[in-house]
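So the chains spell out like this:
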Amino acid sequence: MRILFLTILTLSVLTASGQTAVDKFDEGVFTQDTTLNKFILKWLGKPYKLGGKTEKGIDCSQFNKRLYQDVYSTQLENVCYKQWNQTGRIRRDSLQVGDLLFFR
């Protein structure tokens, strides 16, 4: 499996034109994958909560796990370091939509 890149959008982020991320999303700016689009719209604006697993609050690892399960039918582990161990390195110029990016 590849190291995957994921950008989490928030409703509070405004673009230079004054549009919200949702406005830009509705214009088709983000992705052509309709399953991914629906997932993003469902989770957009949901709060972060350390250890959370629901729409009332979710952490990054659980969000990744949920996204890969719902959109890509792929099972990821529960925590970041285990997700890291499930992946392999790829070149930066080979990143694609759906790839995770891990930081040290």
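Because the structure is a prediction, the values reported are computed rather than measured. (Residues numbered from 1 in each chain as written. Predicted model: local features only at pLDDT ≥ 70, side-chain atom pairs only at ≥ 80, totals over all residues. Heavy atoms only, no water.)

Help me understand helix α3 (residues 60-72), please; the structure alone is not making it clear to me.
An α-helical turn contains 3.6 residues, so any two residues separated by three or four positions project in the same direction. Its 13 residues give α3 an end-to-end C-alpha distance of 17 Å, which sits within 8% of 18 Å, the value for a rise of 1.5 Å per residue. Residues of α3 that are buried make contact with α2 (34-43), β1 (53-54), β2 (57-58) and α4 (80-86). Residue Asp 59 occupies the N-cap position of α3, its side-chain oxygen lying 3.4 Å from the main-chain nitrogen of Ser 61. One or two positions beyond α3, positive phi appears at Ser 73, with a value near 50°. (Helix = DSSP H or I, 4+ residues; strand = E, 2+ residues; numbered from the N terminus. Expected span 1.5 Å × (residues − 1). Contact = heavy atoms within 4.5 Å. Polar contact = N/O pair within 3.5 Å; in protein donor to acceptor, adjacent residues only side chain to side chain.)

What exactly am I supposed to notice about the nonpolar core here?
In terms of nonpolar packing, the biggest core is built from 13 residues, with Phe 39, Phe 63 and Leu 67 touching the most fellow members. Those elements that place two or more of their residues in this core are α2 and α3. (Core = buried A, V, L, I, M, F, W, Y, C linked by side-chain atoms within 4.5 Å. Buried < 20%, exposed > 50% of the residue type's maximum accessible area, 1.4 Å probe, protein only.)

Is there a simple way to explain the pattern of salt bridges in this structure?
Oppositely charged side chains can pair when the atoms bearing their charge come close. Overall, the coordinates contain four salt bridges when judged by the stated rule. Note that Asp 70 and Arg 66 form a salt bridge whose closest N and O atoms lie 3.7 Å from each other. Of this pair, Asp 70 and Arg 66 both sit in helix α3, four residues apart, which is roughly one turn of that helix. Two residues, Asp 93 and Arg 91, come together in a salt bridge whose shortest N-O distance is 3.1 Å. Note on accessibility: Asp 93 and Arg 91 belong to one class, exposed. Several salt bridges share partner residues, and in doing so they unite Lys 42, Lys 46 and Glu 55 into one network. (Salt bridge = Lys/Arg side-chain N within 4 Å of Asp/Glu carboxyl O.)

Hey, could you run me through the packing of aromatic side chains in this one?
Aromatic ring pairs are described here by two measures, namely the spacing of the ring centres and the angle between the planes. What the rule picks out here adds up to five aromatic pairs. Taking the centre distance of 5.5 Å and the plane angle of 55° together, the rings of Phe 39 and Phe 63 count as tilted. In this pair, Phe 39 is assigned in helix α2 and Phe 63 in helix α3, connecting sequence segments 24 residues apart. Classification of Phe 39 as buried rests on a relative accessible area of 4%. Geometrically, the ring pair formed by Trp 84 and Phe 102 is edge-to-face, given 5.4 Å between the ring centres and 85° between the ring planes. Placement of Trp 84 in helix α4 and of Phe 102 in the segment after α4 is noted, with a sequence separation of 18 residues between them. In this structure Trp 84 comes out as partly exposed when scored by relative accessible area, which is 32%. Among the aromatic residues, those joined into a ring-pair cluster are Phe 39, Trp 43 and Phe 63. (Phe/Tyr/Trp six-rings, centres within 6.5 Å; stacked < 30°, edge-to-face > 60°.)

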